[in-house]
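Analysis of the macromolecular model
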Amino acid sequence: MRIAIASDHAAYALKQALIPWLAGQGHDVSDLGTHGPESVDYPDFGAALAAAIADGSAERGIALCGSGIGISIAANRNPACRCALVSEPLSAELARRHNDANAIAIGARLTGEDMARACITAFLTTAFEGGRHQHRVDKLGAAPLEGIPA
């Protein structure tokens, strides 16, 4: 699978630990930065991850920052990206199964490396259920969302 991964400085160490693990499982991993522990702005990296999803260069994305919140908000500004903030495997599984999430966000200050790996494994191995969930997912890519004033 083609996976894009991006982080800010707060999650740099976690990103560096996850990349060889993902590559060791046979995934093609694109490291979108940051490339060091110096302070950076998470919106830049969330946008880069979403762009990789939108242009098809990545099938899935992993977004990392201190809490996971900021980078998930940034990624979700792109309507092609459905980034779910997860903290344990069940939320990662449901994000795929019910919401067809194509990216997940994890907070490096809140989630340890082993739990991050468990979340990523659930995310990458779960299929979208479709069916009753499909029309809801279709609405997520519409602009503006139906029934919500622009």
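Residues numbered from 1 in each chain as written. Predicted model: local features only at pLDDT ≥ 70, side-chain atom pairs only at ≥ 80, totals over all residues. Heavy atoms only, no water.

1. A word on the pattern of salt bridges
Short version of the rule: Should a side-chain nitrogen of Lys or Arg be within 4 Å of a carboxyl oxygen of Asp or Glu, the pair is scored as a salt bridge. Strands are runs of DSSP state E lasting at least 2 residues, helices are runs of H or I lasting at least 4, and numbering of each runs from the N terminus. Partly exposed residues are those whose accessible area sits between 20% and 50% of the maximum for their type, while under 20% is buried and over 50% is exposed, using a 1.4 Å probe and protein chains only.
The final tally for this structure, using the stated rule, is six salt bridges. Residue R2 is joined to E59 by a salt bridge in which the shortest nitrogen-to-oxygen separation is 3.6 Å. Placement of the pair is R2 in strand β1 (residues 2-7) and E59 in the loop between α2 (42-54) and β3 (60-65), with a sequence separation of 57 residues. Residue class for E59 comes out partly exposed when judged on its relative accessible area of 35%. Here the salt bridges do not stand alone but share partners, grouping R82, R96 and D100 into one network.

2. Regarding the side chain of R60
Test applied: We score Asp and Glu as negative and Lys and Arg as positive, and we do not count His or the chain ends. Whether two residues are in contact is decided by their heavy atoms: any pair within 4.5 Å suffices.
Structurally, R60 can be placed in strand β3. Among buried charged residues, R60 stands out as having no salt bridge; its nearest opposite-charge side chain is D100, 5.3 Å away. Not counting residues up to four positions away in its chain, the partners in contact with R60 are M1, R2, I3, A4, I53, R96, A101, N102, F123 and L124.

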